[in-house]
Amino acid sequence: MKPTDISHPDYFHKVVDCQWACPAHTPVPEYIRLIAAGRYDDAYMVNWKSNVFPGILGRTCDRPCEPACRRGRVEEGNVEMRKPTEHGEPKPEPVAICRLKRVAADNKSAGGVKPRMPKAPAKTNGKKIACIGAGPASLTVARDLAPLGYHVTVFEADPKPGGFMRTQVPRFRLPEEVIDEECNYILDIGNIDYKGGHRIDSLKQLMGQGYDAIFVGTGAPRGRDLDIPGRKEAAANIHIGIDWLNSVSFEHINKIGKRVIILGGGNTAMDCCRSSKRLGGEDVKVIVRSGYEEMKASPWEKEDAVEEGIPILNYLVPKEFKHESGKLVGMTFEKVKAVYDAKGRRDLVPTGEPDHFYPADDVLVAIGQENAFPWIERDIGFEWDKWGMPKVDTVTMQSNLPNVFFGGDAAFGPKNIIWAVAHGHDAAVSIDKFLNGENVKERPDPLVNLVSQKMGIHEWSYDNDISEQLRNRVSWKDKKITLKDIKVEVELGFDQKSGFAEAQRCLNCDVQTVFADKLCIECDACVDICPMDCITFTPNADEKELRENLSAPSLNPKTQDLYISPELKMTGRIMAKDEDVCLHCGLCAERCPTGAWDMQKYLIEMTHAGPACRTKSPSAPQRKAA
């Protein structure tokens, strides 16, 4: 294998699994260390720069960082951590990264972060931006561009900003005051004109109003319907899930029937069933055509619904809405099973059982969402794909009309808040480059810095002690209270003590093990002391053979890279380190007699809109978008 190019920005970035997996590339270990140090304001601002909504995402994020977290893999391979307890064998689990984000938001000092927010210059640069929709993507664009002197106008059909964060996420998961606070941080930057209750009905008309660039962040506002027998006759008691949640959010709906069926297996369905339970539903059930594991809802969302006594019934395909004289009485379903072909493709096959009937007073249809662009005229030159979506560059977020950009669900269909934020950052870079006469496809690499953490021979500037504590549990408010009031938040979050304990579980993956081959005397001291057997000195070979020859064979090349040194001067062997299982404990660097190993904190500055993203400014080498 060739020696690893550790100068490439992506190499050590990928080693920080959580940050690599986060669409906004939030520096997770950095803010977790700040939480452990009690520096909550600093931890909040580290988050705010990347993901924009720490308090909101600390409650609602889909957590792509957590499945990537190295902690779960380490616990899985540690026999001591898997010893059965009185509650059974503990399950290997990642650091509670999402909930630690909330710790920073909940414990920041009053007024401590507001003065640290950027402020727009008193004089604008003369360029005007229109953002359609006030969801996370549009607000991120406004947050990034207003401090640069752009005047941003945000148009929103609803009175208050937030988009689906406000209208579709129930208050028992996300209190309104948290949404207000974090949206206002952005609107208070300056140079942002918020026009609530202002629906855009014509893009052509807006394009004629002198805006230099337009960003479309309207989300996926239309829920899919279910056209089966009885739908029209029983329409009064059949509701589209996202529309129903919207009406609940704005208090247009405050009750529901006692017997409620929710159709669908996504997060919207989980919000619908838990909301129904609080608005009078006594017999509430979720019915899904797929298996439990195949449901699109996040695992914790399913678990929370089950915890509140809501059954989830699987492998049932809707056949008919049953009604009597136009009034809904229930639904019939066909029982199916999953059958897989040789390529692993699934087909749902009827089992032959009699149809299942479930009584219902109301049905909520939450089987997916679609984009709706009736307000974008078809004669203004837009290119559309076969699904009726505008053609958008996946890196620049630019449409075929050069001054029109898309982001969030409006760009590529329904996803989640953190992806919308990432789209907003990317679109802001493109808008800034476009309005400065630059090629939006030329994207600068992030800026990277490695800083040694050595304080002495055996002392580091970070806490490298590996906590063996299992994942901490977040307590809930009493169900006797929460199930009676839809506005009472269920999760209480970590207090400072449990937040510190959870932060100590982080393995500091951003403090990298950096190897200087010219200093190595091949004494194997690092090999002897490594607790994970992840360092091997061996003759070079192709990757497959080399992975098999490691001290602990690495058979999953998709998980992490191998760190390969140049040939060593004494024996011609190479040093190979498996990044997948390294604890970043620093013992190799402590033991090394020549300083060939060092622990260096990896800082990566992602490209955001501004002078650093432009080719005419001194920055990292340019790379072209796909």
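Residues numbered from 1 in each chain as written. Predicted model: local features only at pLDDT ≥ 70, side-chain atom pairs only at ≥ 80, totals over all residues. Heavy atoms only, no water.

Student: When you look at the sheet that holds strand 18 (residues 447-452) in this model, what are you seeing that I'm missing?
Tutor: Sheets are built from strands paired through backbone hydrogen bonds, the pairs being either parallel or antiparallel. Taken together, the 3 strands give an open sheet; going across it, the order is 18-25-21, and neighbouring strands pair in antiparallel fashion. Unpaired on one side and paired on the other, strand 18 and strand 21 (511-515) mark the two borders of the sheet. Pairwise comparison of adjacent strand axes, ignoring direction, gives a mean angle of 40 degrees for this sheet. Sheet topology note: the strand 21/strand 25 (residues 597-605) ladder contains 5 bridges and is antiparallel. Across the sheet, the residue bridging to Q512 is Q600, located in strand 25. (Pairing = 2+ DSSP bridges. Helix = DSSP H or I, 4+ residues; strand = E, 2+ residues; numbered from the N terminus. Axes fitted to C-alpha atoms, helices over the stretch in contact; angles between N-to-C directions.)

Student: Explain the sheet that holds strand 8 (residues 283-287) here, please?
Tutor: Judged by pairing direction, the sheet is parallel, and its 5 strands sit side by side in the order 6-14-7-8-9 without closing on themselves. Sheet topology places strand 6 (238-240) and strand 9 (312-313) at the edges, where each strand pairs with a single neighbour. One ladder, built from 4 bridges, connects strand 7 (residues 259-263) with strand 14 (residues 362-365); its direction is parallel. Looking at the pairing, I261 lines up with V363 of strand 14. The strands that helix 13 (residues 241-249) touches are strand 6 and strand 14; relative to strand 6, the one it contacts most, it runs at about 85 degrees. (Contact = heavy atoms within 4.5 Å.)

Student: Teacher, can you tell me more about the layout of surface pockets here?
Tutor: A probe as big as a water molecule, rolled over the atoms, marks out the empty space that is left. The space that makes up the largest pocket amounts to roughly 1200 Å³. The wall of the largest pocket is formed by 43 residues, among which G266, N267, T268, K296 and G368 lie closest to the centre. Broken down by element, the lining of the largest pocket gets its largest block of residues, 3 residues, from helix 14 (residues 267-278). (1 Å grid on protein atoms, 1.4 Å probe; cavity = no way out; pocket = protein on both sides within 12 Å on 5 of 7 lines; lining within 4 Å. Points joined across faces, edges and corners; volume = space filled by probe spheres on them.)

Student: Honestly, the environment of L313 in this entry has me stumped. Any pointers?
Tutor: On the secondary structure map, L313 appears in strand 9. Judged by relative accessible area, L313 falls into the partly exposed class, the value being 23%. The spatial distance from the C-alpha of L313 to the C-alpha of G162 is 33 Å, given a sequence separation of 151 residues. If near-sequence neighbours (up to four positions away) are discounted, L313 is found in contact with K285, V286, I287, V288 and Y358. (Buried < 20%, exposed > 50% of the residue type's maximum accessible area, 1.4 Å probe, protein only.)

Student: So what exactly am I meant to see when it comes to the environment of F215 here?
Tutor: The topology assignment puts F215 in strand 4 (residues 213-216). Counting along the chain gives 183 residues from F215 to Q398, while the straight-line C-alpha distance between them is 9.1 Å. Setting aside its immediate chain neighbours within four residues, F215 contacts A130, C131, I132, A137, S138, V141, F405, F406, G407, A427 and I431.

Student: I'm lost on the packing of aromatic side chains in this one. Help?
Tutor: Centre distance and the angle of the planes are the two values used to describe a pair of aromatic rings. Evaluated as defined, the whole model comprises 15 aromatic pairs. Seen in terms of ring centroids, F155 and Y211 are 6.2 Å apart; in terms of plane orientation they differ by 85 degrees. Their pairing is edge-to-face. Separated by 56 residues along the polypeptide, F155 in strand 2 (residues 151-156) and Y211 in the loop between helix 12 (203-207) and strand 4 bring together distant segments of the chain. Each member of the pair F155 and Y211 is classed as buried. The interplanar angle of 80 degrees and the centroid separation of 5.7 Å between the aromatic rings of F382 and F406 together place this pair among those described as edge-to-face. Of the two residues, F382 sits in the loop between strand 15 (369-370) and strand 16 (404-406) while F406 sits in strand 16, which places them 24 residues apart along the sequence. On the basis of relative accessible area, F382 is assigned to the buried category, the value being 8%. Ring-pair connections join several aromatic residues into one group, and the members of that group are F373, W375, F382, W384 and F406. A cation sits over an aromatic face here: K108 above Y44, 4.9 Å from the ring centre. Sitting above the plane of the W419 ring, K415 keeps its charged end 4.2 Å from the centroid. (Phe/Tyr/Trp six-rings, centres within 6.5 Å; stacked < 30°, edge-to-face > 60°. Lys NZ or Arg CZ within 6 Å of the ring centre and 35° of its normal.)

Student: When you look at the pairing of strand 4 in this model, what are you seeing that I'm missing?
Tutor: For a regular strand, the rule is simple: side chains alternate between the two faces of the sheet. The alternating pattern of strand 4 places A213 and F215 on one face and I214 and V216 on the opposite face, and all of these are buried. Bridge analysis of strand 4 against strand 16 gives 3 bridges, and the strand direction is parallel. Among the inter-strand pairings, I214 is bridged to a residue of strand 16, identified as V404.

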